[in-house]
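Architecture at a glance
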Amino acid sequence: MESKPIVDVHNLTAGYRRRPAIWNLDFQIQEGKFTGILGPNGSGKSTLLKCLLGQITPYTGYAHLWGQNVDKVRHRIAYVPQKESVDWNFPATVMDVVLMGRYRPGRFWQRLGKKDKEAALYWLEQTGMNHLANRQIGQLSGGQRQRVFLARALAREPSLLFLDEPFAGVDAGSAERILHMLKLLIEQGKSIVMVHHDLVSAGKILDNAILLNTRLVASGPVSEVFNHENLSATYGSDLSILSDVIDLVTRNPGRFKDPRNQKS
Ligand code: ADP
Ligand code: MG
């Protein structure tokens, strides 16, 4: 079955103080896929994500989710922000943060009940953070913080999950747990769009990639877009790992198959 586009970006130019950081992007993202936004520092990955989330207004073009403006579908998405963008001195416990995920957008009057508390606890267990439910978020390690923000996002039960560099500054155990949960979501038919920095792991875990260098270099299945031409257009001369990545992709084509098509 051909999957439907869940994200549709057309002629998208956006930036800050009238200076574009991303230019004329055109691409689509397919439903049910694990898609990465890849590019060097400053290539506009987070800016693109902010456009998809409706946090900044584009200068030209649009970014639609399910064919609509993001404001119409906010209840169907969740977001794990880049670590640096969060104020960790905010006085809240781990449980408070995860419960925030249960609020419906715009419904400030909403009261959280037993069901919400149960859902929050469930996701804290799933992320291995339930033993720290009463801890202040400022006291957590990088990996623990990332797990809590993943739990908060998953407590919303989204169809489409966005993450901005969830593995940056995270210990190996946390990274493994986070990746495991993301794979489960994909198995359940959810869609994930993740800004990601590391090319080698990208080749192993993603279905599709969007290669960005302020302009779109390529978008499509990892096995197709990871080639020498595209990767050097994306990363320029910073290419010491390039041949390793291409090796990995071309020598092991099987690992990029859709996991749902593989018999276990
Ligand atoms: P990436 O996530 O790929 O590292 P960003 O999207 O964060 O890149 O940044 C793209 C460009 O926009 C960079 O040149 C960056 O300095 C600039 N930029 C990012 N955020 C802001 C901001 N809040 N105000 C002004 N310029 C910004
Ligand atoms: Mg960024």
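Residues numbered from 1 in each chain as written. Chains lettered and ligands numbered in written order. Predicted model: local features only at pLDDT ≥ 70, side-chain atom pairs only at ≥ 80, totals over all residues. Heavy atoms only, no water.

**Here's the deal with the overall build of the protein chain**
- Each helix and strand counted, the protein chain has nine helices and nine strands in total.
- Put simply, the protein chain has 264 residues, and 48% of those count as buried.
- Of all intrachain contacts in the protein chain linking residues separated by at least 6 positions in sequence, the fraction that spans at least 24 positions is 67%.
- Approximately 13500 Å² of the protein chain is accessible, and the part contributed by carbon and sulfur atoms is 47%. (Helix = DSSP H or I, 4+ residues; strand = E, 2+ residues; numbered from the N terminus. Buried < 20%, exposed > 50% of the residue type's maximum accessible area, 1.4 Å probe, protein only. Contact = heavy atoms within 4.5 Å. Areas by Shrake-Rupley, 256 points an atom, 1.4 Å probe, with all protein chains shown as cover.)

**Section: the confidence of the model for the protein chain**
- For the protein chain, the mean per-residue pLDDT works out to 88, and 86% of the residues sit at or above 70.
- The weakest mean pLDDT in the protein chain belongs to helix α9 (residues 242–251) at 64; the strongest belongs to strand β4 (residues 60–65) at 98.
- Note on residues 253–264: pLDDT under 50 across the span, and 16 contacts to partners over four residues away in sequence or across chains. (pLDDT = per-residue confidence, 0-100.)

**Digging into the nonpolar core**
- Membership of the largest hydrophobic core comes to 51 residues, with the highest contact counts inside it found for Leu-38, Leu-150, Leu-161, Leu-182 and Phe-226.
- With seven residues, helix α5 (residues 172–187) is the single largest residue contributor to this core.
- Core analysis: the second largest hydrophobic core is formed by 28 residues, Val-9, Leu-12, Ile-56 and Ile-210 among them. (Core = buried A, V, L, I, M, F, W, Y, C linked by side-chain atoms within 4.5 Å.)

**Some points on the site of ligand 1**
- For ligand 1, the full set of nearby residues is Tyr-16, Arg-17, Ala-21, Pro-40, Asn-41, Gly-42, Ser-43, Gly-44, Lys-45, Ser-46 and Thr-47.
- In this structure, Gly-44 approaches ligand 1 through a main-chain N or O atom, which is 3.1 Å from an oxygen atom.
- Taking Ser-46, its side chain carries an N or O atom lying 2.9 Å from an oxygen atom of ligand 1.
- Here ligand 1, which alone exposes 560 Å², has 60% of that area covered by the protein.
- Counting residues per element, the shell around ligand 1 draws most heavily on helix α1 (residues 45–52), which supplies three residues. (Near = heavy atom within 4 Å. Polar contact = N/O pair within 3.5 Å; in protein donor to acceptor, adjacent residues only side chain to side chain.)

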